[in-house]
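Spelled out, the chains give:
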Amino acid sequence: MAMTVHCDIVSAENEIFSGAVALLVANGIEGELGVGHGHAPLLTSLKPGPIRVKKENGEQEVYYVSGGYLEVQPNLITVLADTALREEDLDEEAAQKAAKEAELALHGSGEGVDYSKAALQLSEAVAQLHTLKAMRKKARK
């Protein structure tokens with residue numbers, strides 16, 4: 001039986017996950033990190049991308065977060081996301097369209113282009129597509 005820790009993944013809209021996990025893997029500001037039972041206290045910003053949760057029974061779930069914070073306390077892992085989505089809430093077609101629009105805006109030389117907004121939109125769209133790929137990979141196992 002794996003050692004577990006309670007985990008909550010929440011966004012401004014709702015709670016996405018709450019339960020015991022053996023491992024949580026997220027994209028922190030300085031790279032990918034894994035958190036499990038006994039991890040040292042930690043607070044880090046999250047980059048857009050997948051959050052992988054491995055439950056006590058070995059089952060894995062993947063969620064998408066658009067950014068936010070990961071807090072680790074002795075008996076609790078909390079993901080406070082700007083936006084957090086389950087697999088069924090991700091729209092691949094919309095993410096591909098958003099990525100194309102952002103790329104066009106970044107490569108355009110038009111006046112009034114907000115490059116930081118376009119770069120953020122591209123980053124989030126690519127992260128959503130990456131998360132969908134991770135979810136499909138998990139489903140094949």
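Whatever comes next refers back to the structure up there.
Residues numbered from 1 in each chain as written. Predicted model: local features only at pLDDT ≥ 70, side-chain atom pairs only at ≥ 80, totals over all residues. Heavy atoms only, no water.

1. A closer look at the pattern of salt bridges
The criterion, for reference: Whenever a carboxyl oxygen of Asp or Glu lies within 4 Å of a side-chain nitrogen of Lys or Arg, that contact is scored as a salt bridge. Helical segments are the DSSP runs of H or I of at least four residues, strand segments are the runs of E of at least two, and each set is numbered from the N terminus. Partly exposed residues are those whose accessible area sits between 20% and 50% of the maximum for their type, while under 20% is buried and over 50% is exposed, using a 1.4 Å probe and protein chains only.
A complete count under the given rule lists 3 salt bridges for this structure. The partner of Glu32 in a salt bridge is Arg52, and the shortest N-O contact between them spans 3.4 Å. Taken together, the residues Glu32 in strand S3 (residues 31-36) and Arg52 in strand S5 (residues 49-55) connect sequence positions 20 residues apart. Residue Glu32 is classed as exposed on the basis of its relative accessible area, which comes to 54%. Taking the shortest distance from any N to any O, the salt bridge between Lys55 and Glu59 comes out at 3.8 Å. Residues participating in the shared-partner salt-bridge network are Lys55, Glu59 and Glu61.

2. Side note on the nonpolar core
Worth spelling out the cut-off: We call a set of buried Ala, Val, Leu, Ile, Met, Phe, Trp, Tyr and Cys residues a nonpolar core when their side-chain atoms join them within 4.5 Å. Contacts: residue pairs with any heavy atoms within 4.5 Å of one another.
Judged by nonpolar contacts, the single largest core of 21 residues is most densely connected at Ile9, Leu24, Ile51, Val53, Leu70, Ile77 and Val79. Those elements giving two or more residues to this core turn out to be strand S1 (5-11), strand S2 (15-28), S3, S5, strand S6 (60-65), strand S7 (68-73) and strand S8 (76-81). Once residues lying within four places of it in the same chain are set aside, the contact partners of Val53 are Ile9, Phe17, Val21, Leu23, Leu24, Glu59, Gln60, Glu61 and Tyr63. Residues Tyr64, Leu85, Ala127 and Ala134 belong to the second largest nonpolar core, which totals 8 residues.

3. Let's talk about the pairing of S8
The side chains of a regular strand alternate, residue by residue, between the two faces of the sheet. To keep things clear, this is the line we draw: Pairing between strands is defined by DSSP: at least two bridges between them are needed.
By the bridge criterion, 6 bridges tie S1 to S8 in an arrangement that is parallel. Looking at S8, one finds that Ile9 is bridged to Val79. Judged from the 6 bridges that link them, S7 and S8 form a sheet pairing that is antiparallel. Counterpart to Leu70 in the pairing with S8 is Val79. The hairpin turn running from S7 into S8, its antiparallel successor, is 2 residues long.

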